[in-house]
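Structure at a glance
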Amino acid sequence: MPKTPFVCGGRFELDNLIAINAVSGMKSRANLARQIIDLPDGAQIEFKIIE
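Each chain has its residues counted from 1, running along the sequence as written. Thresholds applied to this predicted model are a pLDDT of at least 70 for local features of residues and 80 or more for the giving and counting of side-chain atom pairs; totals over whole chains, interfaces and linings are not thresholded and use all residues. To obtain the side-chain values, all non-hydrogen atoms of the structure were included, while hydrogens and water were left out.

Judged by side-chain polarity, Phe-6, Phe-12, Leu-14 and Leu-17 come together as a nonpolar surface patch covering roughly 470 Å² of accessible area. Under the scheme used here, helices are H or I runs from DSSP no shorter than 4 residues and strands are E runs no shorter than 2 residues, and both carry numbers assigned from the N terminus. Topologically, Leu-14 is positioned in the segment before helix H1 (22-36). Candidates for patches are residues over 30% relative accessible area with no salt bridge; among them, like charges are joined within 9 Å and nonpolar side chains (Val, Leu, Ile, Met, Phe, Trp, Tyr) within 5 Å. What sets the accessible areas is the Shrake-Rupley method with a 1.4 Å probe; for residues, cover comes only from the shown protein chains. Basic side-chain nitrogens of Lys or Arg form a salt bridge, by our definition, when they fall within 4 Å of a carboxyl oxygen of Asp or Glu.

Quick look at the structure:
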């Protein structure tokens, strides 16, 4: 999983990746997608970590 999401400008490089549980990764990506779905390109976002 990327440390900085690719949709937020994260680099497609090994140093931006981290190994985590597949289900946890899917949940966190879905959570981010729900938060940014209606934002225009270039909009500033604030990460909300919800467990």
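Next comes the rest of the write-up.
Inspection of the secondary structure puts Phe-47 in the segment after H1. Distance from Phe-47 to Ile-36, taken between C-alpha atoms, is 9.8 Å for residues 11 residues apart in sequence. In contact with Phe-47, not counting residues within four places along its chain, are Pro-5, Cys-8 and Leu-32. Whether two residues touch is decided by their heavy atoms; if any such pair falls within 4.5 Å, the residues are in contact.

The next thing to look at is the environment of Ile-37. Assignment of secondary structure puts Ile-37 in the segment after H1. Ile-37 sits in the exposed class, given a relative accessible area of 64%. Sequence separation of Ile-37 and Met-26 is 11 residues, and the distance between their C-alpha atoms is 16 Å. Using a 1.4 Å probe on the protein chains alone, a residue whose accessible area is under 20% of its type maximum counts as buried, one over 50% counts as exposed, and one in between counts as partly exposed.

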